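# Structural features, examined
Each chain is listed here by its residues.
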Amino acid sequence: MRVLVAGGAGYIGSVVTAALLDGGHEVTVLDDLSTGHADAVPSGARLIDASLHDSAPVLADVRPEAVLHFAARSLVGASQERPQDYWDTNVAGSFALLEAMRGVGCRRIVFSSTAATYGEPELVPIPEDAPTRPTNTYGATKLSVDMMLTSYAVAHGFAAVSLRYFNVAGAAYGLGERHTTETHLIPIALQVATGERDSMTIYGDDYPTPDGTCIRDYIHVGDLADAHLLALPAPGPGEHRIYNLGNGLGFSVQEVVGAVREVTGHPIPVVVGPRRPGDPAQLVASSDRIRADLGWTPRHTDLAGIVRDAWELRGART
Ligand code: UFG
């Protein structure tokens with residue numbers, strides 16, 4: 001299939017681009033390189049440096065049969081401080097992309113949604129029909145796009161899938177997480193192990209969890225890429241499917257730091273700081289729906305294995 005990958009120079013987008021190329025697809029990446037890296041785009045894909053807001057001429061040129069949409073601002077903390085940037089890129093940008101798709105008659109899309117759409121869950125593991133009450137602007141913007149997709153499916157015959165990622169980690173196809181300003185837990189802990197930082201802060205140990213630190217569901221980026229390839233052809237016209245993607249296993253911040261200690265052999269000194277605004281106590285996925293509908297099965301469920309892949313890529317880069 002001829003596909004456009006919006007945000008294909010970022011962490012997850014570049015891994016999925018590699019998986020699409022591997023699967024025989026023809027891939028063009030649209031990315032404004034605001035957080036992505038041109039050298040992360042696999043060599044078999046064409047890169048067009050453009051923003052979502054300017055996607056119409058790009059789609060008119062590429063004429064894709066499907067779009068995979070990863071381009072977004074994705075940091076919970078920053079979304080609380082600068083919500084305007086999140087509404088602009090994530091909602092106005094996605095709207096421009098959907099309109100550009102409509103303009104060229106492209107109606108198939110896989111969208112990167114998030115566990116942050118659910119907010120503080122009543123039921124764990126979280127199923128897709130759980131209430132969506134985001135506790136931060138990031139989750140609210142992604143939920144808005146999910147709603148846009150439902151309307152475009154109903155009114156314009158879009159065939160859409162929203163994949164609600166939980167905490168993505170690890171490395172695949174020689175590609176991993178590389179943010180200019182790192183905020184994610186596993187890469188930060190690995191930076192302590194390499195000596196780039198002296199210590200790290202645990203954001204709150206007074207949550208209602210067994211050790212007081214937040215619990216998250218860590219999913220390997222390679223398993224996530226598999227899910228995109230399965231999701232791409234799945235919906236029919238007029239259908240908007242929503243699937244959670246996680247392992248169904250929750251690990252606390254303390255347990256993640258423990259896994260990084262085990263993998264790297266470094267003591268990883270920590271200090272406990274205040275809570276980070278917008279963080280729910282616990283996010284763990286039920287991925288029963290995508291397992292049942294598409295036969296998706298994660299291959300990497302071991303936390304230490306996920307951390308090891310990220311650690312080994314770091315070693316390969318230095
Ligand atoms: N954390 C720390 N110290 C750090 C960094 C993180 O204690 O230095 C904690 C956070 O407070 C949180 C947990 O580690 O409790 C995970 O934080 P991340 O920043 O790694 O990830 P988030 O859970 O905030 O968010 C990630 C993605 C979102 C996605 C969400 C879904 O960034 O896009 O997972 O679960 F929505």
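Here, every reference points to the structure presented above.
Our subject in this report is the structure included herewith. Everything numeric in this text was worked out from a predicted model, so none of it was measured.

In this section: the site of the ligand. Around the ligand sit 23 residues in total, of which Thr114, Asn167, His184, Arg276 and Asp279 are the nearest. In this structure, Ser74 approaches the ligand through a main-chain N or O atom, which is 3.4 Å from an oxygen atom. Arg276 has a polar side-chain atom sitting 2.6 Å from an oxygen atom of the ligand. Here the ligand, which alone exposes 690 Å², has 94% of that area covered by the protein. Elements supplying a minimum of two residues to the shell around the ligand: helix 6 (185-194) and strand 8 (200-203). Considering every element that reaches the shell around the ligand, the biggest residue donor is strand 8, with three residues. In the shell around the ligand, the residues fall into 14 nonpolar, six polar and three charged.

Quick look at empty space enclosed by the protein now. Per the stated rule, a full pass over the model turns up two cavities of 30 Å³ or more. When its volume is computed, the largest cavity comes out at roughly 90 Å³. Of the residues contributing to the lining of the largest cavity, the split by class is six nonpolar, two polar and three charged. Taken as a whole, the second largest cavity spans an internal volume of roughly 30 Å³. Surrounding the second largest cavity, Tyr118, Glu120, Pro121, Glu122, Ile126, Ala130, Pro131 and Arg133 form its lining. Its residues placed into classes, the lining of the second largest cavity shows five nonpolar, no polar and three charged.

This part is about the sheet that holds strand 12 (residues 251-252). Strand order across the open sheet formed by three strands is 12-9-14, with mixed pairing between neighbours. In this open sheet, the two strands that pair with only one neighbour each are strand 12 and strand 14 (282-283).

Pairing is parallel in the open sheet, where seven strands are placed in the order 3-2-1-4-5-6-11. The open sheet has two free edges, formed respectively by strand 3 (46-49) and strand 11 (240-245), since each of these has just one partner strand. Averaged over neighbouring strand pairs, the angle between their axes works out to 20° when direction is ignored. With six bridges connecting them, strand 6 (residues 159-165) and strand 11 associate as parallel partners. Bridging across to strand 11, Arg164 finds its partner in Asn244. Helix-sheet contacts for helix 7 (residues 221-231) involve strand 4 (66-69), strand 5 (108-114), strand 6 and strand 11, and the interaxial angle to strand 6 is about 165°.

This next bit is on the pattern of salt bridges. Applying the stated rule across the entire model yields 14 salt bridges. Asp61 is the salt-bridge partner of Arg46, the closest N and O atoms lying 2.9 Å from each other. Placement of Arg46 in strand 3 and of Asp61 in helix 2 (residues 55-62) is noted, with a sequence separation of 15 residues between them. With a closest N to O distance of 2.6 Å, Arg133 and Glu122 form a salt bridge. Taken as a pair, Arg133 in the loop between strand 5 and helix 5 (137-156) and Glu122 in the loop between strand 5 and helix 5 lie far apart in primary sequence, eleven residues in all. Taking relative accessible area as the criterion, Arg133 reaches 45% and is therefore assigned partly exposed. Judged by relative accessible area, which is 62%, Glu122 ranks as exposed. Connected through salt bridges with shared partners, the residues Arg216, Arg276 and Asp279 form a single ionic network.

About the criteria used
Residues numbered from 1 in each chain as written. Predicted model: local features only at pLDDT ≥ 70, side-chain atom pairs only at ≥ 80, totals over all residues. Heavy atoms only, no water. Near = heavy atom within 4 Å. Polar contact = N/O pair within 3.5 Å; in protein donor to acceptor, adjacent residues only side chain to side chain. Areas by Shrake-Rupley, 256 points an atom, 1.4 Å probe, with all protein chains shown as cover. Helix = DSSP H or I, 4+ residues; strand = E, 2+ residues; numbered from the N terminus. Nonpolar A, V, L, I, M, F, W, Y, C, P; charged D, E, K, R; others polar. 1 Å grid on protein atoms, 1.4 Å probe; cavity = no way out; pocket = protein on both sides within 12 Å on 5 of 7 lines; lining within 4 Å. Points joined across faces, edges and corners; volume = space filled by probe spheres on them. Pairing = 2+ DSSP bridges. Axes fitted to C-alpha atoms, helices over the stretch in contact; angles between N-to-C directions. Contact = heavy atoms within 4.5 Å. Salt bridge = Lys/Arg side-chain N within 4 Å of Asp/Glu carboxyl O. Buried < 20%, exposed > 50% of the residue type's maximum accessible area, 1.4 Å probe, protein only.

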